[in-house]
Amino acid sequence: MNRRDKINYYLDIAQTVTKRGTCLRRNYGSIIVKNDEIISTGYTGAPRGRANCTDLNYCLREKLRIPRGQMYEKCRSVHSEMNAIISASRRDMIGADLYLVGIDYRTGEYVKDASSCSMCKRAVINAGIERVYIRDTKDDYRVVDVQDWIDNDDSLSEDLSPGY
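Just so it is clear, the structure is predicted and the values come from calculations on it, not from any experiment.

Novice: Sorry, what's going on with the sheet that holds strand β5 (residues 141-145) here?
Specialist: The strands that make up a sheet pair up through hydrogen bonds in the backbone, lying either parallel or antiparallel. Read across the sheet, five strands follow the order β2-β1-β3-β4-β5 without closing on themselves; strand pairing throughout is mixed. On the outer flanks of this sheet lie β2 (37-43) and β5, each paired with one strand and no other. On average, adjacent strands in this sheet sit at an angle of 20° to one another, irrespective of strand direction. With eight bridges joining them, strand β1 (residues 26-34) and strand β3 (residues 97-104) adopt antiparallel strand pairing. From the neighbouring strand, Arg26 faces β3, where its bridge partner is Asp104. Contacts from helix α1 (residues 6-18) reach β1, β2, β3, β4 (131-135) and β5 within the one sheet, and its direction differs from that of β1 by about 135°.

Right, dumping it as structure tokens:
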């Protein structure tokens, strides 16, 4: 029996969470884990009570041809990282890990160079999360030490990370 390693196990769960997403561009799934316990999950979707892009059958950012990583204020969705953070207590998140998977809505493939946007990076930092594991392929992932986001403060210059 080939037992799945723990990191990919959690990334597999985060990938399953993407299936609840309602974005017509990219759906992300996040889970926060501490001491081998899932603290919370989050997916990309409109705030509670508001219509999702899948309900409206259009994405405003797509209509306006806004490039990836720009003008998030035009997006209806709350990002998966934010939704996971909102659903957890800060004391439970301090020292935790966040697992992030992005799936392209049209192709069903993993989002190339997936990363948290600048707004989500701030929330992850304030939540006290220590590491972010980001899936690149079915079995490959990157590990981000959140301290690097703090040390390499990109808020002093324009944030060029692709994010969502």
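Novice: Help me understand the layout of surface pockets in this model?
Specialist: In this approach a probe as big as a water molecule rolls over the atoms, and the regions it shows empty are the leftover space. Looking at the largest pocket, its volume works out to about 320 Å³. Residue assignment for the lining of the largest pocket shows that the elements contributing at least two residues are β2 and α4 (80-86). In terms of residue count, β2 provides more of the lining of the largest pocket than any other element does, three residues in total. In terms of residue class, the lining of the largest pocket is made up of five nonpolar, seven polar and two charged.

Novice: Just checking my understanding: could you explain the packing of aromatic side chains for this structure?
Specialist: The geometry of two aromatic rings is summed up by the distance between their centres and the angle between their planes. Counted under the stated rule, the structure contains four aromatic pairs. Summarising the aromatic geometry, the rings of Tyr10 and Tyr99 are spaced 5.1 Å apart at their centres and angled 45° between planes, so their arrangement reads as tilted. Taken as a pair, Tyr10 in helix α1 and Tyr99 in strand β3 lie far apart in primary sequence, 89 residues in all. Both residues of the pair, Tyr10 and Tyr99, belong to the buried class. A centroid spacing of 6.1 Å and a plane angle of 65° characterise the contact between Tyr133 and Tyr141, whose relative ring orientation is edge-to-face. Judged by its relative accessible area of 9%, Tyr133 is buried.

Novice: What is the right way to look at the nonpolar core in this model?
Specialist: Buried together is how nonpolar side chains tend to be arranged in soluble globular proteins. Counting residues in each nonpolar core, the largest one holds 20 residues, and the members touching the most others are Ile32, Ile85, Met93, Leu98, Val124, Ile129 and Val132. Contributing elements (two or more residues each) for this core: β1, α4, β3, α6 (118-127), β4 and α7 (146-151). Those residues in contact with Ile85, other than ones at most four positions away along the chain, are Ile32, Met93, Ala123, Val124, Ala127 and Ile129. By size, the runner-up hydrophobic cluster in this structure holds eleven residues, among which are Leu11, Ala14, Val101 and Tyr133.

Novice: Explain empty space enclosed by the protein to me, please; I cannot follow it from the model alone.
Specialist: Tallying each qualifying case throughout the model produces two cavities of 30 Å³ or more. By volume, the second largest cavity amounts to about 40 Å³. Cys23, Cys53, Cys59, Leu60, Arg61, Lys74, Cys75, Arg76 and Ser77 are the residues that line the second largest cavity. Residues of the lining of the second largest cavity, tallied by class, amount to five nonpolar, one polar and three charged.

Cut-offs used in this document
Residues numbered from 1 in each chain as written. Predicted model: local features only at pLDDT ≥ 70, side-chain atom pairs only at ≥ 80, totals over all residues. Heavy atoms only, no water. Pairing = 2+ DSSP bridges. Helix = DSSP H or I, 4+ residues; strand = E, 2+ residues; numbered from the N terminus. Axes fitted to C-alpha atoms, helices over the stretch in contact; angles between N-to-C directions. Contact = heavy atoms within 4.5 Å. 1 Å grid on protein atoms, 1.4 Å probe; cavity = no way out; pocket = protein on both sides within 12 Å on 5 of 7 lines; lining within 4 Å. Points joined across faces, edges and corners; volume = space filled by probe spheres on them. Nonpolar A, V, L, I, M, F, W, Y, C, P; charged D, E, K, R; others polar. Phe/Tyr/Trp six-rings, centres within 6.5 Å; stacked < 30°, edge-to-face > 60°. Buried < 20%, exposed > 50% of the residue type's maximum accessible area, 1.4 Å probe, protein only. Core = buried A, V, L, I, M, F, W, Y, C linked by side-chain atoms within 4.5 Å.

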